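Inside the fold
For reference, the chains in residue letters:
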Amino acid sequence: MRKSLILLALSLTALALGQKPKVVIGTGSTGGVFFYYGTAMADILNKAGAVEAQPVQTGGSYDNLLLLRDRTNPQGNTFYCALTTTDSAYVAYTGEEPRFKEKPAKSQRVLFYMYPSFIHIVTVEGSGIQVLQDLKGKRVSTGQPGSSTENLALLVLQGAGIKPESFAKRERLPVAEGAKALAEGTLDAFFWVGGVPTSSIVELSTDLARRGKRIYLVPIDPKSTVAQVVEKRFPGLVSPYKVPKSVYNTRTDVPGLATGNIVVCPESLPEEAAYAMVKAVFDNLQTLRTAVAAAKDTSLEATARLYGKLPIPFHPGAERYLKEKGLIK
C-alpha cells in the first residue's frame, strides 16, 4: 500500500510539472504485425499528445513483458508497455513461464484487445508437407528462442506426437528470416504466430507466385487432439480461426487456431495517461486500421468481451473509458 502511494505521488508530481509520461512500446521483429502495429500506435499517441511514445523492436511478447516488469521506472516517469499474446501474458502473470517463475509479471494491466494471432505453419506446395505428421524428417523453424511462437509451436507438435529431434534440421528463426529461408529452399517449413495478414508471408506468397509456385498452410482441425492439447493449456485463450484463401493466395481457406493479442501497461502508469492512450487509439481507429490490416479486429466491443476473462486486471484508465462508453459496468 505504502509503495503504491509513493508511486502515485511521484506520478502526480510529474503530471503537475507538465511532464507527459514516457511510454516505451515493446513491439516485435520486423516483418511481423506487432512491429507495424506498435509503430502506428506510437505515432497516434504522439500526434494526439496522450503521452511521449516510443516503439522499440524486440523478440516479441516475452521480451516485451520482461521490459515491462524490469525496466519501468515511475521515478523517471518512464513506463514500458507491451504488445503481447494473451497466452504469454497469462503465463507471465501466473509465473508458469520459467522466466517469470521467481518474479511473475503481476504489475501488468490490460489496456485493450488488438486482434487474433493465427498459428501459421507455412510451407510450399510440392514440399511433401500436407499434415503435421509430414514435418518429420524436414527442415523446420519453430520460431525465435523463448518466443510465444516457439512455445505454441512446441505445444502443437506435442499434440501431434512429434518431437523436434525428428526434424532433419531445426531452426529457430523470426518470421522474416523464416520466409527468406523457405523462399531460398534452405528450409521446408516454419511456424509463426501472428496477425492475418503477416506482411512477410504475403511477400513470400507473391515471390513464390512469380516463380510459378504456391504457398501452403498446414491446417489444424479445431476438433483434433492437437487443438484439445493447446486449448487445455490455455483455457479460453485459444479459439478456432479460418484464414480465407484470398489472404495468402492459398488454394483453399485454411482452418486452424488463434490466440488473442492485447496491449498491457504497468499498474504504475498514471490513470490519466492510460485513459488518454485508450481514448487516442479509439478516436483514431480508422488511422490505425489503414496503417495495419490486422487492426480491423481492434474494437472496444472485443476489448469489453475480454473483460473478466483473464486473471490479469484491466488498467483503471481503460476501465474508466469502457465504462464511459457503456460497455462495462
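In what follows, the structure referred to is the one given above.
Okay, so let's go over this structure. Computed from a predicted model, the values in this text were never measured in an experiment.

1. Thoughts on the overall build of the protein chain
When helices and strands are counted, the protein chain shows 13 helices and ten strands. Relative to a compact globule of 329 residues, whose C-alpha radius of gyration would be 20 Å, the protein chain shows 20 Å and is just as compact. With the C-alpha coordinates aligned to their principal axes, the bounding extent of the protein chain is approximately 65 × 40 × 35 Å. Looking at the 329 residues of the protein chain, the share that counts as buried comes to 55%. For the protein chain, the proportion of contacts with a sequence separation of at least 24, taken over those separated by at least 6, is 76%. When the accessible surface of the protein chain is split by element, carbon and sulfur atoms take 51% of a total near 14,200 Å². Between the centroid of the 39 positive side chains of the protein chain and the centroid of its 29 negative side chains there is a distance of 1 Å.

2. Structural notes on the pairing of strand S7 (residues 189-194)
For a regular strand, the rule is simple: side chains alternate between the two faces of the sheet. Burial analysis of S7 places six of its six residues in the buried class, the great majority of the element. Of the two faces of S7, the one holding Ala189, Phe191 and Val193 and the one holding Phe190, Trp192 and Gly194 are both buried throughout. Looking at chain direction, strand S4 (residues 108-124) and S7 are connected through five bridges and run antiparallel. Bridge pairing links isoleucine 121 to phenylalanine 191 in S7.

3. Topic: the state of the cysteines
Covalent bonding between the sulfur atoms of two cysteines defines a disulfide. Taken as a whole and assessed by the stated rule, the structure comprises one disulfide. Covalently, cysteine 81 is tied to cysteine 265 through a disulfide, its sulfur atoms 2.1 Å apart. The disulfide joining cysteine 81 to cysteine 265 has a torsion of about 115° about its S-S bond and is therefore right-handed. Note that cysteine 81 is positioned in strand S3 (residues 78-85) and cysteine 265 in strand S10 (residues 254-266), a separation of 184 residues in sequence. Considered together, cysteine 81 and cysteine 265 belong to a single accessibility category, that of buried residues.

4. What about the side chain of asparagine 261?
Position of asparagine 261 among the secondary structure elements: in strand S10. A polar contact of 2.9 Å, which involves the side chain of asparagine 261, links it to the backbone oxygen of tyrosine 115. Asparagine 261 has contacts with Phe34, Thr84, Thr85, Thr86, Tyr113, Met114, Tyr115, Pro116 and Ser117, leaving out every residue within four places of it along the chain.

Parameters at a glance
- Residues numbered from 1 in each chain as written.
- Predicted model: local features only at pLDDT ≥ 70, side-chain atom pairs only at ≥ 80, totals over all residues.
- Heavy atoms only, no water.
- Helix = DSSP H or I, 4+ residues; strand = E, 2+ residues; numbered from the N terminus.
- Rg over C-alpha atoms; globule rule 2.2 N^0.38 Å.
- Buried < 20%, exposed > 50% of the residue type's maximum accessible area, 1.4 Å probe, protein only.
- Contact = heavy atoms within 4.5 Å.
- Areas by Shrake-Rupley, 256 points an atom, 1.4 Å probe, with all protein chains shown as cover.
- Lys, Arg positive; Asp, Glu negative; His and termini not counted.
- Charge placed at Lys NZ, Arg CZ, Asp CG, Glu CD.
- Pairing = 2+ DSSP bridges.
- Disulfide = S-S within 2.5 Å.
- Polar contact = N/O pair within 3.5 Å; in protein donor to acceptor, adjacent residues only side chain to side chain.

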